[in-house]
Protein chains: 2
Amino acid sequence: MSCNVPKTDKKRVVIVGGGFGGLKLAQKLKKSNFQVVLVDKNNYHQFPPLIYQVASSGIEPSSIAFPFRRIFQKRKDFYFRLAEVKSIMPEKNMIQTSIGKLSYDYLVLASGTTTNFFGNKEIEENSIPMKTLSESMGLRNALLDNFERALTCASPQERQELLNVVIVGGGATGVEIAGALSEMKNFVLPKDYPDLPNSLMNIYLIESQDRLLSAMSQKSSDNVLKYLRSMGVNVLLNQRVTDYKDHIVYINDGSTIATRTFIWVTGVTAQVVGQMPADKVGRGGRILVDAYNRVKGMDNVFSIGDQCLMLDADPQWKGGHPQLAQPAIQQGNLLASNLKRLEKGKKLKPFRYKNLGSMATVGRNKAVAEFAGMKMGGFFAWLMWLVVHLRSILGVRNKFIVFFNWMINYFSYGQSLRLIIYAKKAKEVVEREKRLAQTHV
Amino acid sequence: MSCNVPKTDKKRVVIVGGGFGGLKLAQKLKKSNFQVVLVDKNNYHQFPPLIYQVASSGIEPSSIAFPFRRIFQKRKDFYFRLAEVKSIMPEKNMIQTSIGKLSYDYLVLASGTTTNFFGNKEIEENSIPMKTLSESMGLRNALLDNFERALTCASPQERQELLNVVIVGGGATGVEIAGALSEMKNFVLPKDYPDLPNSLMNIYLIESQDRLLSAMSQKSSDNVLKYLRSMGVNVLLNQRVTDYKDHIVYINDGSTIATRTFIWVTGVTAQVVGQMPADKVGRGGRILVDAYNRVKGMDNVFSIGDQCLMLDADPQWKGGHPQLAQPAIQQGNLLASNLKRLEKGKKLKPFRYKNLGSMATVGRNKAVAEFAGMKMGGFFAWLMWLVVHLRSILGVRNKFIVFFNWMINYFSYGQSLRLIIYAKKAKEVVEREKRLAQTHV
């Protein structure tokens, strides 16, 4: 195997990861003098802001997944490679991937983050994370499956385990999935499962700090707490989950909750890059970069988005930037022009984060939004927020279908998407996955 | 576990399988005096006529899968149970399912058919069938995956294996998937994989008889053959595949084809019902029924659709009915009224199949249609055909989305659906599946 990218006289920019940052960078390098190679372990860009809606059967997976080859159709000097990056060899200007070595003139690490289990193997094995589309589809299937089984299980205790949902982590994801599930409880269950009292479904949201959405204002935290409680979500603040074993969640105050649906959305850690010197890795496993997103002490290796940490460079954000879509998009944007400047021997522009605000939606018509200046109702805030983030990356069709599905869902609670379905893996695929898992690099 | 269906004073009709026949029957028993229990191993009805489009990334899985609970919302005296039926106990008026025993007053077996591998274990293990939505999603993933790997694989020979597609079986499914894949080759590959010469992709369709679509007229067979060959499909007639080992397809004339995508769509066999006496099973494993779809020698057990075989009863169809949607729908329809007649002690009506014709589509704008009397162009024939079959089963939203997606696909070749994606199975689910697989009945 080899990555099989033709050598040309153009300099090669290898982008690892096609999230918000990597995708924006690749797009902005159009009409540049670079050969661009995008490496991602999926063949699509996924749109995290709506992943919770896939989990709650509100929206199609394909409505928030956009094939890279579709996005970059007809693009010159562009190559996509479906592969996992194992390690970097800066001294050789090369990376090692699951499909072979790849050399670069400029390397940009943009692989984002992964779920942080804080070293607890039990939790890692038994919880359901919600970071990827694949995980959220798994959660959807598991939820629906548990409803079905709750109808026919042997004991009342098992039924309660099947209907209790415990969400750990009061950030945007936790808040949004809690809201979506409580609407499922209140509007979907009574219709779809008339012989299953929906009062039996209990949704717990556990947060270790004293407020939800700690990244937002106290007012937003208070509002979200009020919203969720009014919707019947059991919000536990100042509580830490210590373990999850045999369908039991253990909380630091000694209490326990029995559940088969244990959703783990508290904290992330940057994707690890093999052979990255320890002195270049900071808090949360994030790669330390300078004001130009250049990895400390390297001159042709960069990192952008959630995966990197820019300390003391951006006056307003000396502690580093929040791990959100906007910093990634803005860094991808700037890096594109900085790479062109480098080639022209021009002076690079330092990164200055322009905070476009943030928001979290609770169910269909409640949201907390913090936009510079603006004040908006939940629904419009939400729509605007979507537009802002969809604008740059999507083809007309996708944009249309996202909205189409979302509106349908808005009025029908996505009543036709509640399918328990897994794609059957061809033997050939299963065996290759085994082989790949075994290859040590 | 127990099926947990409340006993009422109403007589209970248990329907096994929610395909065209079972679904129609359940719908027609609305406003009857029966308690209806529908048992299916999926929580959705799947729409086979478009399954090949899911495989070729033309349409959403959710566009042709319709959750039973959605279809039967607000329905009185109706119960859906997600379970597999293991065996029948006619002497006890009971069935054994994966979630426990269930008693019935009337039992209707409508589980349809499954892929027939004619006892060849190698082929069963290594081929990709296309009978279920899950299988067709798996095929979609495998196809796209192979394109990606073809770009980076080690040897020209491996590349050829990855790009060759062999379809065994020249019935409607084989013809339709061959047509869809040749359009993928001609219109999608060049755009999505500019660095992969699409001429390298070879599509083979192998049929053991001397013509395709042997269920249709010679003229239709000739047309379809002409269409497919003009689209560059290698159609091999009078050839039998004898084996598939180590990526090599062995054909009875001694020739071989190397491929990693071996699609097996030749022949089906009726789903087996445990404990069904051998003397009640006929050709193709189909359950022998009388003119009223009653299982020979049983008075409260019926079978409809592909799973049953009605010999010598229907004057025009003494050899049994074709295994298509229409006979199933019409039998479900009639059985609903016959069950009501039984209750009123009235004389039952014998089944008479009204042939509404059949069709097969080749790509986007070629089709062969044989409708009683009618003559139609491919596209309109196709649309009409869809309407006929969607009409009875779908909610407005679904009908709309099927057409919406299908039209989009028709003009864009479903460019945004080419996602390689598998739902991640929660550990809980994996373990239960293991347990279920182990339970012997």
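Assigned secondary structure in chain A consists of 12 helices and 24 strands. Principal-axis analysis of the C-alpha atoms places the extent of chain A at approximately 70 × 55 × 45 Å. With 441 residues in all, chain A has 59% of them scored as buried. Pairs at least 24 residues apart make up 65% of the contacts formed inside chain A by residues separated by at least 6 positions. Of the charged side chains in chain A, 59 are positive and 36 negative, and the gap between their average positions amounts to 10 Å.

All names here are of chain B. The 5 strands are arranged β5-β2-β1-β9-β21 in an open sheet whose pairing can be described as parallel. The sheet is open, and its two edges are formed by β5 (78-82) and β21 (301-303), each paired on a single side. Within the sheet, the average angular offset between the axes of one strand and its neighbour, ignoring direction, is 20°. Helix α1 (residues 20-28) rests against β1 (11-16), β2 (34-40), β5 and β9 (106-109) of the sheet, and its axis sits at about 155° to β1.

Let us now look at the packing of aromatic side chains. Considering all chains together, one arrives at 20 aromatic pairs over all chains under this definition. Relative to F47 of chain B, the ring of F20 of chain B lies with its centre 5.7 Å away and its plane at 75°, an arrangement referred to as edge-to-face. Of the two residues, F20 of chain B sits in helix α1 while F47 of chain B sits in the loop between β3 (44-46) and α2 (51-55), which places them 27 residues apart along the sequence. Comparing F20 of chain B with F47 of chain B shows no difference in burial state: the two are buried. Taken together, the aromatic side chains of F117, Y244, F262 and W264 of chain A make up a single cluster linked through ring pairs.

The domain boundaries assigned to chain A delineate domain 1 (11-41 + 83-115 + 269-344) and domain 2 (121-266). Summarising the inter-unit geometry, the C-alpha centres of domain 1 of chain A and domain 2 of chain A are found 35 Å apart.

You can overlay chain A on chain B at an RMSD of 0.0 Å; the transform is a turn of 180° with a shift of 0.0 Å along its axis. Those values place the two copies in the arrangement expected of a two-fold rotation axis. The residues that chain A uses at the interface reappear at the interface of chain B in 100% of cases, marking a shared surface.

Procedures and definitions
Residues numbered from 1 in each chain as written. Chains lettered and ligands numbered in written order. Predicted model: local features only at pLDDT ≥ 70, side-chain atom pairs only at ≥ 80, totals over all residues. Heavy atoms only, no water. Helix = DSSP H or I, 4+ residues; strand = E, 2+ residues; numbered from the N terminus. Buried < 20%, exposed > 50% of the residue type's maximum accessible area, 1.4 Å probe, protein only. Contact = heavy atoms within 4.5 Å. Lys, Arg positive; Asp, Glu negative; His and termini not counted. Charge placed at Lys NZ, Arg CZ, Asp CG, Glu CD. Pairing = 2+ DSSP bridges. Axes fitted to C-alpha atoms, helices over the stretch in contact; angles between N-to-C directions. Phe/Tyr/Trp six-rings, centres within 6.5 Å; stacked < 30°, edge-to-face > 60°. Domains from an automatic or database assignment. Least-squares fit on C-alpha atoms with pLDDT ≥ 70 in both.

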